[in-house]
Amino acid sequence: MTRNQKLILEKVIEFDKKKPFLISTRMVQGKIQVSDRGSTDYIPLEKFIEDPTNRKFLEQQLELFSKLCSGRNHKNIELISSKYCSFEEAITGMKSTGLKGRIRASYTNIVHYVYVDVDNNQPILTRVQLSFAWDSLDNKESTLPETESLSGGKMDFFPDLRNWILAFLEEEKAIVCSKEKTYHNDFISTVLVLLQSLVLYGYYANHLHVKELLKALHSLVDGKTDVPFEKGIEGSELKNWRATTRFQDIVQNRPAIQIKTEALRVIDYLFNHSFSELLRHLLSNVKALDAAAEEAKRTDIRSASRHLPQELQPLLQYFGNDIEIPTEVTHEYLNHLRSHTSYMTCDGKIQSTLMDLAKYDNRDLTALALHVFFFFFFFFFFFFFFFF
């Protein structure tokens, strides 16, 4: 695959040198300018793509570049990023609201496969982390810089990219399944695929950022706010559409189904991170109690408890003994643990939303919704009973 990608790019460059056919681009004062096939004259991108033929050719050129880099093809990434599409151009094209067609989605794929999906970023949140190094456990909050990920990667542009993605998703209050919105819906899906990689690589380590993102994603997956593809539907017709028609796997509904599927994948990865942090926090507490219990044997419980967080102090006298922990003490501690991930419920709406998504007549979306639903309830309602 890598050799084929390299060969194709070499041939494209070779043919372009003999008879220029690639569209040249450059950045001037924060704006993208375009030169058409060997010409030395540059014009603004917005004016260039007014011609549908020009627009489609540039879209396909950008898509080709991103596909030739997918799978972390180092040589192609280096060549395309240095000579054909800079990061500044790719991020500007992605953010530019005035661009028509699939241009924004094509630039988003450049950002994804040329600048984000690179070697220093590794997927670590495909599943919940169930094992931890005992010596590394502590109750300290993460002090990881915003530009670094849990996987050890670093992207200086991530904070700006994160803020833009959040603002963009917060604007998408409802999905409109109309022909006029085809390109825009495709762009939403492309941004969500990029977001999946960012979450998988561990860049969303701060629970406040996770909370904000979950709220925005919930609005996308909540089908109760979707708008019908047929205009003028109101009253009982709108009620009937939302009760039955929106669940059907028909051509008009597929953009909405695709968006919900991609958004739910992001939620699944965010849940993996949150549940992993919940486990880490629990085990860190066990480690702290174990150390305090050993100290209590040498001194006394009162002295040993002074080094413990307030929520752990009531548990110390029972830890390591055969004395049964009172129910009220256990419940108080469990409520403290749940408070660390209470934002995952989306104000108590996530359960009904997941069950609503499971009703869609689409195998991928239904299976994913049930998968997320199962793990959500397994951890929140059954997990703790294995420990207490």
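Small disclaimer: the values here were computed from a predicted structure and weren't measured. (Residues numbered from 1 in each chain as written. Predicted model: local features only at pLDDT ≥ 70, side-chain atom pairs only at ≥ 80, totals over all residues. Heavy atoms only, no water.)

**Focus on a positive patch on the surface**
Side chains of K173, K211, K215 and K349 sit close together on the surface and give a patch of like positive charge. Mapped onto the secondary structure, K173 falls in the loop between α7 (158–171) and α8 (182–200). The exposure class assigned to K173 is exposed, which follows from its relative accessible area of 57%. (Patch = residues over 30% accessible without salt bridge, like charges linked within 9 Å, V, L, I, M, F, W, Y side chains within 5 Å. Areas by Shrake-Rupley, 256 points an atom, 1.4 Å probe, with all protein chains shown as cover. Salt bridge = Lys/Arg side-chain N within 4 Å of Asp/Glu carboxyl O. Lys, Arg positive; Asp, Glu negative; His and termini not counted. Charge placed at Lys NZ, Arg CZ, Asp CG, Glu CD. Helix = DSSP H or I, 4+ residues; strand = E, 2+ residues; numbered from the N terminus. Buried < 20%, exposed > 50% of the residue type's maximum accessible area, 1.4 Å probe, protein only.)

**Observations regarding the pairing of strand β2 (residues 31–35)**
In regular strands, side chains alternate between the two faces of the sheet. The buried fraction of β2 is high, at four of five residues. Taking the residues between adjacent antiparallel strands as the criterion, strand β1 (residues 24–28) and β2 are bridged by two residues, where Q29 takes a positive phi near 50°. By the bridge criterion, two bridges tie β2 to strand β3 (residues 43–44) in an arrangement that is antiparallel. Within the sheet, the bridge partner assigned to V34 lies in β3 and is I43. (Pairing = 2+ DSSP bridges.)

**A short note on the sheet that holds β2**
Strand order in the open sheet made by the three strands is β1-β2-β3, with antiparallel pairing throughout. Every interior strand has two partners, whereas the edge strands, β1 and β3, have only one. Here five bridges tie β1 to β2, and the two strands are oriented antiparallel to one another. Bridge pairing in β2 places R26 opposite Q33. Against the sheet, helix α5 (residues 87–95) makes contact with β1 and β2, and its axis sits at roughly 85° relative to β1, the strand it touches most. (Contact = heavy atoms within 4.5 Å. Axes fitted to C-alpha atoms, helices over the stretch in contact; angles between N-to-C directions.)

**Digging into the packing of aromatic side chains**
Under the counting rule described, the total for this entry stands at twelve aromatic pairs. Taken together, a centroid distance of 5.3 Å and an interplanar angle of 70° make the contact between F87 and Y115 edge-to-face. Linking F87 in helix α5 with Y115 in helix α6 (residues 103–116), this pair joins segments that are 28 residues apart in sequence. Classification of F87 as partly exposed rests on a relative accessible area of 22%. Among the aromatic side chains, those forming a connected cluster through ring pairs are F87, Y115 and F157. In this structure, R26 packs its charged tip against the face of Y42, placed 4.0 Å from the ring centre. (Phe/Tyr/Trp six-rings, centres within 6.5 Å; stacked < 30°, edge-to-face > 60°. Lys NZ or Arg CZ within 6 Å of the ring centre and 35° of its normal.)

**Some points on helix α14 (residues 327–339)**
For α14, with 13 residues, the first-to-last C-alpha span of 18 Å sits near the 18 Å given by 1.5 Å per residue. For α14, the set of buried residues is V329, T330, Y333, L334, H336 and L337. The arc that holds the buried residues of α14, viewed along the axis, is 155°, so those residues lie on one side. Every exposed residue of α14 that faces more than 90 degrees away from the buried side is listed here: T327, E328 and E332. The inward-facing, buried residues of α14 contact α11 (254–298) and α13 (313–316). (Expected span 1.5 Å × (residues − 1). Arc of directions from axis to C-beta.)

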